Amino acid sequence: KEKTLAMIKPDGLLGNYTERIKLVILEYEFSILKETTTQLDQDRASSFYTEHSSKSFFPSLIKYMTSGPVLVMVLEKENAIADWRTLIGPTDSSRAKVTHPNSIRAMCGVDSEKNCVHGSDSLQSAQREISFFFEEISSD
Ligand code: ATP
């Protein structure tokens, strides 16, 4: 089975969406293998989003991602990476509310920055992100 990294971002945690998001996770039969709550500092947030470091929105993204704790989870099921990306919906939550009203970002996000959840976008990023938070990569 495949593993992915799911994150509830600071707005999701502060807005008390954790339980509703977890109900969706269980409804779609992901197993939650690991989870932890952590507060990212500037360095950790910058490292996590290093691929966006040259973007104009990067400083704002880092401020957002360090504005409170995040909940990270390793989710497992067949096709976990693509299935979780589908469930969370498009990056811009304001668009998601129109085009993907049943998505998680439509439920709890606000705009293209404050979109309440994250999901790995490839096998490679899933492995990187799982090790980023949990410091091990299991090969099965
Ligand atoms: P994530 O990687 O968090 O799952 P994503 O893959 O949908 O999100 P990316 O393009 O990788 O989106 O952007 C990473 C994050 O940067 C987004 O989730 C969002 O919080 C923020 N972001 C993306 N685009 C913008 C933008 N145009 N303006 C402000 N913030 C943005």
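This text goes with the structure placed above it.
Residues numbered from 1 in each chain as written. Predicted model: local features only at pLDDT ≥ 70, side-chain atom pairs only at ≥ 80, totals over all residues. Heavy atoms only, no water.

A. The arrangement of the site of the ligand in detail. Lining the immediate surroundings of the ligand are 13 residues, of which Tyr49, Thr91, Glu113, Asn115 and His118 lie closest. Side-chain polar atom of Tyr49 to an oxygen atom of the ligand: 2.7 Å apart, as the coordinates give it. At 3.3 Å, a backbone N or O of Ser112 approaches a nitrogen atom of the ligand. A majority-of-atoms criterion places the ligand in the largest pocket. Of the residues in the shell around the ligand, the class split is three nonpolar, six polar and four charged. (Near = heavy atom within 4 Å. Polar contact = N/O pair within 3.5 Å; in protein donor to acceptor, adjacent residues only side chain to side chain. 1 Å grid on protein atoms, 1.4 Å probe; cavity = no way out; pocket = protein on both sides within 12 Å on 5 of 7 lines; lining within 4 Å. Sits in = over half its atoms within 2 Å of the grid points. Nonpolar A, V, L, I, M, F, W, Y, C, P; charged D, E, K, R; others polar.)

B. A look at the packing of aromatic side chains. Enumeration according to the criterion identifies five aromatic pairs in this entry. On the numbers, 5.9 Å between centres and 85° between planes, the contact of Phe30 with Trp84 is edge-to-face. Remark: Trp84 occurs in helix H5 (residues 80–88) and Phe30 occurs in the loop between helix H2 (18–27) and strand S2 (31–38); sequence separation between them is 54 residues. A relative accessible area of 4% places Phe30 in the buried class. (Phe/Tyr/Trp six-rings, centres within 6.5 Å; stacked < 30°, edge-to-face > 60°. Helix = DSSP H or I, 4+ residues; strand = E, 2+ residues; numbered from the N terminus. Buried < 20%, exposed > 50% of the residue type's maximum accessible area, 1.4 Å probe, protein only.)

C. Highlighting the pattern of salt bridges. Counted according to the given criterion, the structure contains four salt bridges. Glu76 is the salt-bridge partner of Lys3, the closest N and O atoms lying 3.3 Å from each other. In this pair, Lys3 is assigned in strand S1 (residues 2–8) and Glu76 in strand S3 (residues 70–77), connecting sequence segments 73 residues apart. Judged by relative accessible area, Glu76 falls into the buried class, the value being 16%. Its salt-bridge partner being Asp83, residue Lys77 comes within 2.6 Å of it at the nearest N-O pair. (Salt bridge = Lys/Arg side-chain N within 4 Å of Asp/Glu carboxyl O.)

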